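# Close look at the chain arrangement
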Amino acid sequence: MSEFELFYYIICGILTVTILFGISLMSKVKTAVMGNLISAIATAIAIVVTLIYYDILSQSVVLTICLITLAIGTYIGMYVAKRVKMIQMPELVALLNGFGGLASAIVGACTMFTSKNNFELVTSILALIVGALTFTGSLIAALKLAKLMNGRPVVWNKHQLITTTTIIFIIITVVLTVVNRIYDLEIPVLALVIIALALGSFFGIAFAIRVGGADMPITISLLNSLSGVAGSIAGMAIGDILLVAVGGIVGASGLLLTQIMCKAMNRSLMDILLGKTSVSTKVTKTVVEHVKVEEKKADVDVSDVLKNAKKVIIVPGYGMALAQAQQLVKQISDTLEKNGTEVKFAIHPVAGRMPGHMNVLLCEVDIPYEKLYELNDINDEFKDCDACIVVGANDVTNPAARDAVGTPIYGMPILNVDQAKHIIICNYDLKPGYAGVENSLYKRSKGVTLLLGNASVTLKQLLNDLVEVNVKKQENKSTSELLKQAKKVIIVPGYGMALAQAQHLVKQLSEKLASNGANVKFAIHPVAGRMPGHMNVLLCEAGIEYEQLYEMNDVNDEFKDTDVCIVVGANDVMNPAARNAEGTPIYGMPILNVDQAKHVIICNYDLKPGYAGVENPLYKRESGVTLLLGNAGETLKNLLSDI
């Protein structure tokens, strides 16, 4: 062995350990980003090392091809990273697994033409078959996850016989390939490549298509493992120790994750591959027939339950991901904590459509990872919690998993949601989850509140109800009555209006009020928005006459004589704390005297402080203030419809 080869093997060992270390860091939320970065850098270095070791740098044509393909791949990767939404991450992961398998299949197919011995030949055809089945299986998984294909299990007539026969033909093809070399049967290598590719691809489709949505997290983990196995086999075929090692790491980690997922769902991997767990049985249908669920009115005031709760556990599920409601979940959590409530998040291992799906979504909205608890760490706490909020989760909270023998979820560890003192379920409807088993929680007569519909809507209403408990609205008159009777109204626009592109709705509102006989003015703070004159430009763009726009000094004395002041996405510029909160960033800053108006309607996205980070006391005023939280576009539409 030359010194160059020895140095190469040492570098390979270091890179392998580095990638393994990076993967280990990914097991914890706090270090996951760093782990991903370390593994990515090590992989990039591995590419460079490979180009140097195989002397690609001196071969201009080959090097040019490599650099062009690397550039194309890098561009696609960066483009996808920016454009793909978090909700689409499961199908993206499935596709990435598939492309890993496809790359190995291409390497295996090419090596079949250049193999020098039987070992290279066998490993190359195995790489082709495993890579092909990984690609097609991942493609089916991605299509199901993206809802471009029915997520339910698809079982063909004599499905098991078909898959078994395919496996037999795959074995025959591998043996025939070796025999063809030994005995010179003169079977074209191209023909063997096509047969192996077809069999592998078909088998991938056959095993993935009969896996239902409930088992998709396990399937993704398995396909991730297979992509690594295919890469490792391809490395054996071309004699690349680095590819063998890295592929082995991916294969082993994917297999471990698959085992963890199987344990978490009380599944047998073989049953999943055979499609047994995803297919509804007769017992399941019997359960469905005997459970008649009707949407019922809440037997208690949910806002009172949450106001008085000392401990709340939130259970996120795939419905939260579909509704993109994680930001609202964060706002509810923040509001509860401001009220002195202890809030925790219970994460089931298979919630969502891939391992860690919920963790990623919640961390995306800056929910501290310390608040995310795995099933085993929090299950005993449900019995002591005052309220549990379920957001778009079904199977992972279904008590039927304990006693519905013969159903797909029987024996699966679930979150003990049913032990909570009160359960608030924000699900789209009352249909069973992917497992097809009715949830007995939906028919419980006491201790359960059902809030059906899109989670983004039900959570927003829940948040509004919760806020109304802490900040009382005007009791004698409704918002619509106040606006209809108002003789003088001042509207204060802010950056939230710009974000929601709500200036045209503001104009409609001002015209509606004017038609009712109100004198409407707009109060413009000098630093409202993100540049001088920002609000003026937006309002003039919407066709509001510039004579209606008043600078702070010209309008500030009029607030005390104003019947209603409508604030649209403004905070710091009308925060009364600027007058007396010494030591804060806004202390001494001239503000609009919004708090002097007889009634203030605040259309803000949430109750968070503005950029200065100073709490606004208007949000806690017990009278004379109406809070309309959420996107300004929606709240203004509702306001318009009310009047």
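Please refer to the structure higher up on the page.
From a predicted model like this one, the values you see are computed outputs, not experimental measurements.

Thresholds, definitions, all that
- Residues numbered from 1 in each chain as written.
- Predicted model: local features only at pLDDT ≥ 70, side-chain atom pairs only at ≥ 80, totals over all residues.
- Heavy atoms only, no water.
- Helix = DSSP H or I, 4+ residues; strand = E, 2+ residues; numbered from the N terminus.
- Buried < 20%, exposed > 50% of the residue type's maximum accessible area, 1.4 Å probe, protein only.
- Lys, Arg positive; Asp, Glu negative; His and termini not counted.
- Charge placed at Lys NZ, Arg CZ, Asp CG, Glu CD.
- Core = buried A, V, L, I, M, F, W, Y, C linked by side-chain atoms within 4.5 Å.
- Contact = heavy atoms within 4.5 Å.
- Salt bridge = Lys/Arg side-chain N within 4 Å of Asp/Glu carboxyl O.
- Polar contact = N/O pair within 3.5 Å; in protein donor to acceptor, adjacent residues only side chain to side chain.
- Expected span 1.5 Å × (residues − 1).
- Arc of directions from axis to C-beta.
- Phe/Tyr/Trp six-rings, centres within 6.5 Å; stacked < 30°, edge-to-face > 60°.
- Lys NZ or Arg CZ within 6 Å of the ring centre and 35° of its normal.
- Pairing = 2+ DSSP bridges.
- Axes fitted to C-alpha atoms, helices over the stretch in contact; angles between N-to-C directions.

## Here's the deal with the overall build of the protein
On a plain count of helices and strands, the protein comes out with 25 helices and twelve strands. With respect to the three principal axes, the spread of C-alpha positions in the protein is 100 × 65 × 40 Å. The 643 residues of the protein split such that 50% are buried. Between the averaged position of the 53 positive side-chain charges in the protein and that of its 55 negative side-chain charges there is a distance of 6 Å.

## Digging into the nonpolar core
Grouped together as the largest cluster of nonpolar side chains are 58 residues, with contacts concentrated most on Leu306, Leu459, Val492 and Val594. The biggest single contributor to this core is helix 18 (residues 455-470), with six residues. Beyond its immediate stretch of four places on either side in the chain, Leu459 contacts Ala325, Leu328, Val329, Ile332, Val391 and Cys426. In terms of nonpolar packing, the next biggest core, distinct from the first, is built from 34 residues, Ile491, Ile544, Leu639 and Leu640 among them.

## A short note on the pattern of salt bridges
Per the counting criterion, the structure on display carries twelve salt bridges. With a shortest N-O distance of 3.7 Å, Glu342 and Lys344 are connected by a salt bridge. Residue classification places Glu342 among the partly exposed residues on the basis of a relative accessible area of 38%. A salt bridge links Glu381 to Lys344, with the shortest nitrogen-to-oxygen separation between them at 2.9 Å. Within this pair, whereas Glu381 is found in the loop between helix 16 (375-378) and strand 4 (387-391), its partner Lys344 is found in strand 2 (residues 342-347), the two being separated by 37 residues in sequence. Judged by relative accessible area, Lys344 falls into the buried class, the value being 11%.

## Comments concerning the environment of Thr69
Checked against the element boundaries, Thr69 lands in helix 3 (residues 60-83). Engagement of the side chain of Thr69 in a polar contact is seen with the backbone oxygen of Cys66, the distance being 2.8 Å.

## Some details on unusual backbone geometry
The general pattern is negative phi for most residues beyond glycine and trans for most peptide bonds. Phi at Lys158 takes a positive value of approximately 60 degrees, unusual for a residue other than glycine. Of the residues examined, Lys158 reaches a relative accessible area of 57% and is grouped as exposed. A positive phi is found at Glu186, a non-glycine position, where the angle reads about 65 degrees. The residue Glu186 is located in the loop between helix 6 (159-183) and helix 7 (189-209) in this model.

## Thoughts on helix 1 (residues 3-25)
Compared with the 33 Å implied by 1.5 Å per residue over 23 residues, the 33 Å span of helix 1 between its first and last C-alpha is a close match. Within the sequence span of helix 1, burial applies to Tyr8, Cys12, Leu15, Thr16, Ile19, Gly22 and Leu25.

## Remarks on helix 25 (residues 632-642)
Within the span of helix 25, buried status applies to Ala632, Gly633, Thr635, Leu636, Leu639 and Leu640. Buried residues of helix 25, viewed axially, fall in a sector of 170 degrees; they line one side. Tucked inside the fold, the buried residues of helix 25 contact helix 19 (479-485), helix 20 (495-500), helix 21 (503-515), strand 10 (564-568) and strand 11 (600-603).

## Considering the packing of aromatic side chains
Under the definition given, this model contains eight aromatic pairs. For the ring pair Phe4 and Tyr53, a centre distance of 5.8 Å and an interplane angle of 10 degrees mean the geometry is stacked. Taken as a pair, Phe4 in helix 1 and Tyr53 in helix 2 (residues 29-53) lie far apart in primary sequence, 49 residues in all. Aromatic side chains Tyr8 and Tyr9 sit 5.7 Å apart centroid to centroid with 50 degrees between the ring planes, which places their arrangement in the tilted category. With relative accessibility at 4%, the residue Tyr8 sits in the buried group. Ring pairing ties together the aromatic residues Phe4, Tyr8, Tyr9, Tyr53 and Tyr54, which thus form one cluster. The positively charged end of Lys344 is found above the aromatic ring belonging to Tyr373, 4.7 Å away from the centroid.

## Digging into the sheet that holds strand 2
A sheet is described by the order of its strands in space; here six strands give the open sequence 3-2-1-4-5-6, paired in parallel fashion. Among the strands making up the open sheet, the edge pair consists of strand 3 (372-374) and strand 6 (448-450). Strand-to-strand twist of the sheet, defined as the mean angle between neighbouring strand axes without regard to direction, takes the value 25 degrees. Packed onto the sheet, helix 14 (residues 326-338) meets strand 1 (311-316), strand 2 and strand 4 and runs at close to 145 degrees relative to strand 2.

Nothing here speaks to function; it is all geometry.
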